[in-house]
Amino acid sequence: MPRVIAPNPSQDDEFFWEGVRDGKLLIASCARCGSLQHPPSPMCPVCAALEWTPAEVSGRGTVLSWVVSHHPTEADDRPRIVALVELEEGVRLVSNLVEVDVTDVRNDMAVQVSFTEVDGVRLHQFRPTR
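Residues numbered from 1 in each chain as written. Predicted model: local features only at pLDDT ≥ 70, side-chain atom pairs only at ≥ 80, totals over all residues. Heavy atoms only, no water.

Requested: an account of the overall build of the protein, with residues and values cited.
Of the regular secondary structure elements, the protein holds 1 helix and 8 strands. Referenced to the eigenvectors of the C-alpha coordinate spread, the extents of the protein come out at roughly 45 × 30 × 20 Å. A separation of at least 24 residues holds for 50% of the contacts in the protein among residues at least 6 apart in sequence. Here the protein displays about 7,800 Å² of accessible surface, and carbon together with sulfur accounts for 49% of that area. Here the protein holds 12 positive side-chain charges and 19 negative ones, and the gap between their average locations is 3 Å. (Helix = DSSP H or I, 4+ residues; strand = E, 2+ residues; numbered from the N terminus. Contact = heavy atoms within 4.5 Å. Areas by Shrake-Rupley, 256 points an atom, 1.4 Å probe, with all protein chains shown as cover. Lys, Arg positive; Asp, Glu negative; His and termini not counted. Charge placed at Lys NZ, Arg CZ, Asp CG, Glu CD.)

Here it is in structure tokens:
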């Protein structure tokens with residue numbers, strides 16, 4: 001069993017995965033009001049517009065909440081830390097935390113996006129800000 005299943009992008013989130021492939025964190029930005037939305041949705045929840053443009057964001061944020069995953073597909077001895085990260089821009093993402101021991105993870109910990117290939121799949125992950 002693979003450690004990761006490759007994403008199957010839809011029309012709404014294909015830009016996000018293309019950004020990950022290129023080492024950029026792209027978030028949907030409403031073409032009318034500029035509100036950021038993740039995950040992408042067909043209609044802006046602020047102004048009801050239907051047009052979006054990708055916006056590159058800083059990738060800096062803080063951990064709001066986190067858990068240690070005990071999923072049976074984990075192939076190595078390191079615990080998989082899954083976190084809800086709030087970006088500086090106000091958008092929240094669920095991702096993995098890397099380069100940190102589980103005993104050092106804290107809510108409000110400053111993190112920065114990183115991009116890693118796992119079993120041939122490029123993923124966005126977060127690591128503590130140095």
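Can you lay out the nonpolar core for me, pointing to particular residues and giving the numbers?
One finds L25, L87, L97, V111 and F126 to be the most contacted residues of the largest nonpolar core, which totals 23 residues. Listing elements by their share of this core, those giving two or more residues are α1 (14-21), β1 (26-30), β5 (80-87), β6 (92-97) and β7 (110-118). The dominant element in this core, judged by the number of residues it contributes, is β5, at 4 residues. Ignoring anything within four residues of it in the chain, the contact list for L97 reads V63, I81, A83, V105, M109, V111 and F126. (Core = buried A, V, L, I, M, F, W, Y, C linked by side-chain atoms within 4.5 Å. Buried < 20%, exposed > 50% of the residue type's maximum accessible area, 1.4 Å probe, protein only.)

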